[in-house]
Every structure is written in structure tokens, then in C-alpha cells.
Amino acid sequence: MKPPISFGLKTAIIIGVSIGLALAFNATRPDRLPLVRDPESAAQAAIQRGEISLAEAALLFRSGQAVFVDAREAGEYALGHIDGAISLDPLFFGQEYPAVQELLKEAATIVTYCDGELCELSHELAEQLKGVGLRDVRVLRNGWTLWREQGLPTATGDQVKPRDGAQEALEEDLEQVDAAAEKAAEEGGATPEPGDRPQLPEPREIMPGESGSNGTEQTNQTLRHAPQEHSFPEAEIPQTQPLEPAPLKPGLPEAAPSDPAHAEPAPEQPAPQAPSEEPRIQDVNPPVLKTQGEQS
Amino acid sequence: MNAASLARGSRLALALVFLAAAPQKIMAPAEFAASVGSYLILPDALINFTALTLPWLEIVVAILLVFRVWTGQALFLANAMLVVFLGAIVGAYLRGIDLNCGCFSSAPTVSDDMVFYIVRDVIFVVLGLTAAWLYRRGYDSD
């Protein structure tokens, strides 16, 4: 019974044969997996999977042409999400999709995200969205973390929540945010009711072309509003706000550059109004918000 | 006789487990690699290699078990893999990693999936150890 080959050697042989088969089989595959994941191929694979970079996502956000969709649980969404994002849990896609269907169908681009490098929810959601006929669906991997770290505009609250003070919300208490939102709503006619939820999506659809000019304007707005935003925490609300939804998009001082973009997708919406006027742009948002609120 | 049939049955069941699990991993290596990565155990450099070779090792071991070739080594490797799998998933569970999203879930509740996977893996380990024990006892010989 004494084996001619030792136990360990046989074991090693089994392992070796397995590795050989694995490598041989992998080599014959058209979509072979690199043995070691190198950044380049990883990046390529990412692109193949429809992923976009944070910079691209921020651009889309700024342009107002994209609707961001949060694939995480509704509870996590409520704790914080990309400003204007819609909550759509891929696990409850069937139930939740109809409510946001219109919004998504109108969007030029849809960006799904969740949280974590390895989070697959955003990909699952993207597949499901493609499955219902939506074409331009991208994935921002590890979106929530990246977005937050970059200081881009965020918001808190449930789907139906008001959109204002998104950025501040992150850093400040939810209460403060709510308070600011309410104030903004009260003072600024443009601001939607607290219950309404601001949505970027609609505005974006409206005017891709405008985005350029809007962007500039937005930037200006941001700068102007910036001070206002700061005041928010203090409960001071700029009187100008009524005209300008600025409060909605208060950009963090640091984020200023990017803020304009996220700050408000509003720019796109301006469509109805004169594209060149920044203030109006924001005004446009309110309708959007309302629409969203209705949907949700 | 009972022990002999139990030995044969457990060995074949073990082989079946691996034969059932491996093909889909082999056919979708990228997905499996993502899955391996979601455990946050292996360094990036080893994830793809592991994802590529592990299912083939399962296949080879299963075949050896079915045909009773180098059965002792195959049982050893089978149990080693099962124990590693169980350890990985329990480790993920303890660290609060939600394997469904590959992220550290902020929710305190653990999905039922995790419990299911752990229970399933425990059963597999028991099966594997039973087969190995019976084999060592000499029940699995003709």
C-alpha cells in the first residue's frame, strides 16, 4: 500500500495540474482574465462594464444631462446621496421603477452608483435599466465614497426630500439642513416645498446645448451664492434667493469649481427661460422638483 | 456495509458539490474574481489567479473523488478548500462585510444570505470530514 509517490507530492501534482488546466483554458478564452489585475486592463474592463470616472460623472452632473440613480438601500440613500439622485434599489426594481420611469426615460444619460469598490449593486441596477430599454446607462463605481470625498454636492433625506443645502447637509446636522430648506422654501418662491424632492434629471434633458453657457453662469452663481450658503448654517437666508434657488445649490467653498455643476443641474432646465440668465436657471428647478415630488 | 455505503455516498456527494459549483465559476471568471475580491482577504495581485485556478482545482478534485484516484489527497484538498471557504465567509461575516455588495455594510443587520452561506458551508465541511474520516478508516475500499 505504500504509495510510490508521497502524499504531499501527489497533492502538489493535483494542484499543479489544476493550475495548468486553468491557465490553458483561460488562454484560449477570447475574454481571458489577466493573471494579475493590472491597472490598465482593469481600467479597460471597467470601461467595458460601462463605468465612468468621477471626473466624467462630475462633468455629467454639471452639464445637467445625467440623472444619478442611487442603487443602495433606501435607508442609506436617506442618510446621504448625490444631490438630485433618485433612489432605486435593484432588489426592488419591479416595484420602484414605475415611480421614476418618466424621469429616467427623459434623461440623456443615467449614472448609477452605490458605495464600495466592489459594490455590484450599481452594475446590477445598470443592467436592469438597460433591460427596460434605457440606453446610455453608466456606472460610477464606489460612487458615494468618491463623490463625498471630492466634496461634490450631496443631499440627505428620503426620495421625497427637499433638495436644498445638499452639501451642507453632509457636514451639518440633518436638522440644520431641513431648517435651511424650509427657510429657503419660505423665502424663495422658487424653492419647492420641503416635501418635494429636487431632481436633476429633468432639467438636464432639456438643454444639452445650453449646458455650456449655463455652466459658466452657474459658476458665477456659485460664487455669489457661496456666501449665502455659509450664512445658511446661521439661519440667515439671502433675500436674493427668492429669485435664485441658489440656496438649493450652495456650493461648498472648496468645491466651488465643481459645485456649479452639481450645484445645479438647474442650468439645463433654464431651457424655458433665457439660457443666459443664471438666476432664472435656478428658478427652473422648482418645477422640476415638483415633478419629482409628484412622481415619488 | 452501512459504513461502506456511507463512505461512498459522502465521497460522491462531495464530488457532486464541487462539480456543481465549479463550471459557472470557470465560465464567468471575471464575476468570480469580483466575488473573490469581495471577501477583502486576498491582495489584488492574487485575486485573479485564485479565481482562475480554484474552480479547476475543484473539478480535478471532484473527478479524482469520483474515480477514486488518489482519493486521500483529493479528500485532503477538498476539505482544505471547504475549510478555507468557511473561514473566509465567517471572517467576512465577523468583519461585517456584506458579500452582496462587497462593501462594509453600515446596516447592523446581516442579510439572511450570509447565514445561509455559512450554514451551507458548515454542512459541506461536515460532509467532507465525514468522507475523509470514513476513508481513513478504510470503509471506502472495495
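Everything numeric in this text was worked out from a predicted model, so none of it was measured.

Residue and element names in this part refer to chain B. Two elements in contact, helix α1 (residues 2-27) and helix α4 (residues 71-95), have axes whose closest approach is 12 Å; the angle formed by their N-to-C orientations is 55°. Here α1 is positioned oblique relative to α4, judged by the angle of their axes. Judged by the sense of rotation from one axis to the other, the crossing of α1 with α4 is left-handed. Contacts between α1 and α4 involve Arg 11, Leu 14 and Phe 18 from the first element and Thr 71, Leu 75, Ala 78, Met 81 and Leu 82 from the second. Here the residues of the contact of α1 with α4 sort into six nonpolar, one polar and one charged.

To continue, consider α1 of chain B. In this model α1 of chain B runs 38 Å from its N-terminal to its C-terminal C-alpha over 26 residues, within 8% of the 38 Å that 1.5 Å per residue would give. Inspection of α1 of chain B places Ala 7, Ser 10, Arg 11, Leu 14, Ala 15, Val 17, Phe 18, Ala 22, Lys 25 and Ile 26 of chain B among the buried residues, and these make up the whole buried set.

Residues and elements named next belong to chain B. Residues at a pLDDT of 70 or more form 87% of chain B, whose mean pLDDT is 85. The spread of mean pLDDT over the elements of chain B runs between strand β2 (residues 103-104), the lowest at 48, and helix α3 (residues 44-67), the highest at 93. Both confidence scores are given for the complex: pTM 0.50, ipTM 0.88.

Take the packing of aromatic side chains next. Residues and elements named next belong to chain A. Throughout the structure, instances matching the rule amount to seven aromatic pairs over all chains. For the pair Phe 68 and Trp 147, a centre-to-centre distance of 5.3 Å together with 55° between the ring planes defines the contact as tilted. One end of the pair, Phe 68, is in strand β1 (residues 66-70); the other, Trp 147, is in helix α7 (residues 143-149), with 79 residues separating them in the sequence. Trp 147 carries the same exposure label as Phe 68, and that label is buried. Pairwise contacts between aromatic rings join Phe 61, Phe 68 and Trp 147 into one cluster.

Residues and elements named next belong to chain B. Residues Leu 12, Leu 19, Ile 63, Val 66, Phe 67 and Val 69 make up a contiguous nonpolar surface patch of about 490 Å² in total accessible area. The set of elements that each furnish at least two residues to the nonpolar patch consists of α1 and α3. Broken down by element, the residue count for the nonpolar patch peaks at three residues, all from α3. Here Val 69 lies in the loop between α3 and α4. Looking at Val 69, the relative accessible area reads 38%, which means it is partly exposed.

This part takes up the interface of chain B and chain A. If you look at the interface, chain B gives 32 residues, while chain A gives 26 residues. Taken together, both faces of the contact between chain B and chain A bury some 2,600 Å²; the carbon and sulfur share is 73%. On the chain B side of the contact with chain A, Trp 56, Trp 70 and Gln 73 of chain B bury the most area, a combined 23% of that side's loss. On the surface where chain B and chain A come into contact, there are zero salt bridges. There are four residue pairs in polar contact (both at pLDDT 80 or more) connecting chain B and chain A. Put simply, the parts of the chain that give the side of chain B that touches chain A at least two residues each are α1, α2 (29-37), α3 and α4 of chain B. The element that contributes the greatest number of residues to the side of chain B that touches chain A is α3 of chain B, accounting for twelve residues.

Cut-offs and rules
Residues numbered from 1 in each chain as written. Chains lettered and ligands numbered in written order. Predicted model: local features only at pLDDT ≥ 70, side-chain atom pairs only at ≥ 80, totals over all residues. Heavy atoms only, no water. Axes fitted to C-alpha atoms, helices over the stretch in contact; angles between N-to-C directions. Helix = DSSP H or I, 4+ residues; strand = E, 2+ residues; numbered from the N terminus. Parallel < 35°, antiparallel > 145°, perpendicular 65-115°, else oblique. Left-handed = near helix turned anticlockwise from the far one by under 90°. Contact = heavy atoms within 4.5 Å. Nonpolar A, V, L, I, M, F, W, Y, C, P; charged D, E, K, R; others polar. Expected span 1.5 Å × (residues − 1). Buried < 20%, exposed > 50% of the residue type's maximum accessible area, 1.4 Å probe, protein only. pLDDT = per-residue confidence, 0-100. Phe/Tyr/Trp six-rings, centres within 6.5 Å; stacked < 30°, edge-to-face > 60°. Patch = residues over 30% accessible without salt bridge, like charges linked within 9 Å, V, L, I, M, F, W, Y side chains within 5 Å. Areas by Shrake-Rupley, 256 points an atom, 1.4 Å probe, with all protein chains shown as cover. Salt bridge = Lys/Arg side-chain N within 4 Å of Asp/Glu carboxyl O. Buried area = accessible area lost by both parts, 1.4 Å probe. Polar contact = N/O pair within 3.5 Å; in protein donor to acceptor, adjacent residues only side chain to side chain.

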